[in-house]
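Residues per chain are reported as follows:
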Amino acid sequence: MLSSMMVFGQKQKKILGMYATQLISVESKIEGGIVNPETSQYEDSIIKIKWKYDIDRMSFDLENKYDKSIKINWSDASLINPDGSSSRVFHKGVKYNEREKEQSPTTVYKNSSLSDLLSPIDNVFYISGKYGGWQTRPIINAKLSVFSIYYSYDEKKNKKKKIK
């Protein structure tokens, strides 16, 4: 029996240059937080988060060290570009065609962890045609600067508060 297979592929985009990425600083109301630029990790008394960077997305491992659950409000999560503009993001589990819809918050239960990834919603697009489909732009071209997850709590009242 003979079998044949035809493989069609798109031309790979050439990315010239090499990029080094690292976590440089974290804005937090929790005192005593430590940033490790070499491992792109931040840790304070409530969370420990480590970032990993890819061509078209960022991933993170978040550990909730607090004795209560915390929430990631994806409506408040954004990428801040060097020019000051911000881009909404979507995370793992959200379909490309639903990335602009409201996303439910993610709860990270006490003393547990979460691994997730995110990408700017504007970096995903659809090309129609025979060899089309969903495509992503490199995150470096988006002039990525800052990713923000807003969470907080008041130690005196032992309650979480949203930071504006």
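Please read these numbers as outputs of a predicted model, since none were measured by experiment. (Residues numbered from 1 in each chain as written. Predicted model: local features only at pLDDT ≥ 70, side-chain atom pairs only at ≥ 80, totals over all residues. Heavy atoms only, no water.)

A. How the structure looks around the pairing of strand β4 (residues 58–64). The alternating pattern of β4 places Met-58, Phe-60, Leu-62 and Asn-64 on a buried face, while none of Ser-59, Asp-61 and Glu-63, on the opposite face, is buried. Bridge analysis of strand β3 (residues 47–53) against β4 gives seven bridges, and the strand direction is antiparallel. Residue pairing in the sheet places Tyr-53 in a bridge with Met-58 of β4. The antiparallel hairpin formed by β3 and β4 contains four residues in its connecting segment. Bridge count between β4 and strand β9 (residues 113–120): six bridges; the pairing is antiparallel. (Buried < 20%, exposed > 50% of the residue type's maximum accessible area, 1.4 Å probe, protein only. Helix = DSSP H or I, 4+ residues; strand = E, 2+ residues; numbered from the N terminus. Pairing = 2+ DSSP bridges.)

B. Geometry of the nonpolar core. One finds Phe-60, Leu-62 and Leu-118 to be the most contacted residues of the largest nonpolar core, which totals 21 residues. The set of elements that each furnish at least two residues to this core consists of β3, β4, β5 (70–72) and β9. (Core = buried A, V, L, I, M, F, W, Y, C linked by side-chain atoms within 4.5 Å.)

C. Examining the pattern of salt bridges more closely. Taken as a whole and judged by the stated rule, the model has five salt bridges. The residue Lys-65 makes a salt bridge to Glu-43 at a minimum N-O spacing of 2.7 Å. You can see Lys-65 sitting in the loop between β4 and β5 and its partner Glu-43 sitting in strand β2 (residues 41–43), a full 22 residues away along the chain. The exposure class assigned to Glu-43 is partly exposed, which follows from its relative accessible area of 29%. (Salt bridge = Lys/Arg side-chain N within 4 Å of Asp/Glu carboxyl O.)

D. Up close: the environment of Lys-65. Relative accessible area serves as the criterion here: at 28%, Lys-65 is assigned to the partly exposed category. Expressed as a C-alpha distance, the spacing of Lys-65 and Ser-113, which sit 48 residues apart in the sequence, is 8.6 Å. Once you skip the residues sitting within four places of it in the chain, Lys-65 turns out to touch Glu-43, Asp-44, Ser-45, Ile-46, Ile-47, Lys-48 and Asn-111. (Contact = heavy atoms within 4.5 Å.)

E. Just the pairing of strand β7 (residues 86–91), in detail. Bridge count for strand β6 (residues 78–80) against β7 is three bridges, and the pairing is antiparallel. Directly across from Ile-80, in β7, lies its bridge partner Ser-86. Bridge analysis of β7 against β9 gives three bridges, and the strand direction is antiparallel. Each bridged residue has a counterpart across the sheet, and for Phe-90 the counterpart in β9 is Ser-119.

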